[in-house]
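Reading the structure
What follows is each chain in one-letter form.
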Amino acid sequence: MRKAINGVLWLVGLTVVLAVYFFVPLGRYTLFEHTLRIAATEPAQELGDELGTATRELGERAIGEWETRRELRREAAGEPPGEGAGGALRLRLERDGVHVGDRVLSAAELRERLREAHRVASDVSAVLEAAPGVSAADVQALRELLREERVPIREEALAP
């Protein structure tokens with residue numbers, strides 16, 4: 001009940017403020033008309049131009065930062081830094097787990113890395129390899145995990 005009363009009071013207050021802003025003259029003009037006249041002045045126009053320039057520069061700087069952090073995004077996706085793998089996450093499934101670079105990941109760790117990669121990069125793909133002696137069930141489980149995470153798979157030398 002108290003929230004309803006506060007909401008009604010807030011709405012009445014907003015209505016009063018808007019009515020004063022648009023309809024009550026202060027001197028020869030309403031506050032709205034004063035605002036329009038101030039916005040039409042040369043200093044206000046210059047401020048608007050400078051604000052537009054600053055916004056463009058900020059956008060260009062953000063894009064530049066995004067490009068300079070490309071290696072970090074690739075590393076988060078599981079690629080070794082500096083390798084031109086075409087954006088693919090190289091996975092090697094062995095008996096003890098999935099090898100990504102120098103690390104051996106469990107299914108839960110791999111899933112978390114994939115989720116992080118999806119948050120960082122817009123396109124993640126996987127090249128799936130299996131070492132000799134890896135069971136077909138392990139290969140199928142990894143395929144299913146990648147499918148659930150919506151990771152496109154290019155299969156090379158799969159030998160279950």
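Residues numbered from 1 in each chain as written. Predicted model: local features only at pLDDT ≥ 70, side-chain atom pairs only at ≥ 80, totals over all residues. Heavy atoms only, no water.

Our next topic: the overall build of the protein. Looking only at helices and strands, the protein has 6 helices and 7 strands in total. Helices and strands in the protein line up, N terminus first, as α-β-β-α-α-α-β-β-β-α-β-α-β. By residue count, 21% of the 160 residues in the protein fall in the buried class. Within the protein, counting contacts between residues at least 6 apart in sequence, those at least 24 apart form 57% of the total. Element-wise, carbon and sulfur atoms account for 60% of the exposed surface of the protein, whose accessible area totals about 11400 Å². (Helix = DSSP H or I, 4+ residues; strand = E, 2+ residues; numbered from the N terminus. Buried < 20%, exposed > 50% of the residue type's maximum accessible area, 1.4 Å probe, protein only. Contact = heavy atoms within 4.5 Å. Areas by Shrake-Rupley, 256 points an atom, 1.4 Å probe, with all protein chains shown as cover.)

Let's shift gears to the pattern of salt bridges. For the structure on display, the rule yields 1 salt bridge. Across the salt bridge formed by Arg 69 and Glu 65, the nearest N and O atoms sit 3.3 Å from each other. On the basis of relative accessible area, Glu 65 is assigned to the partly exposed category, the value being 36%. (Salt bridge = Lys/Arg side-chain N within 4 Å of Asp/Glu carboxyl O.)

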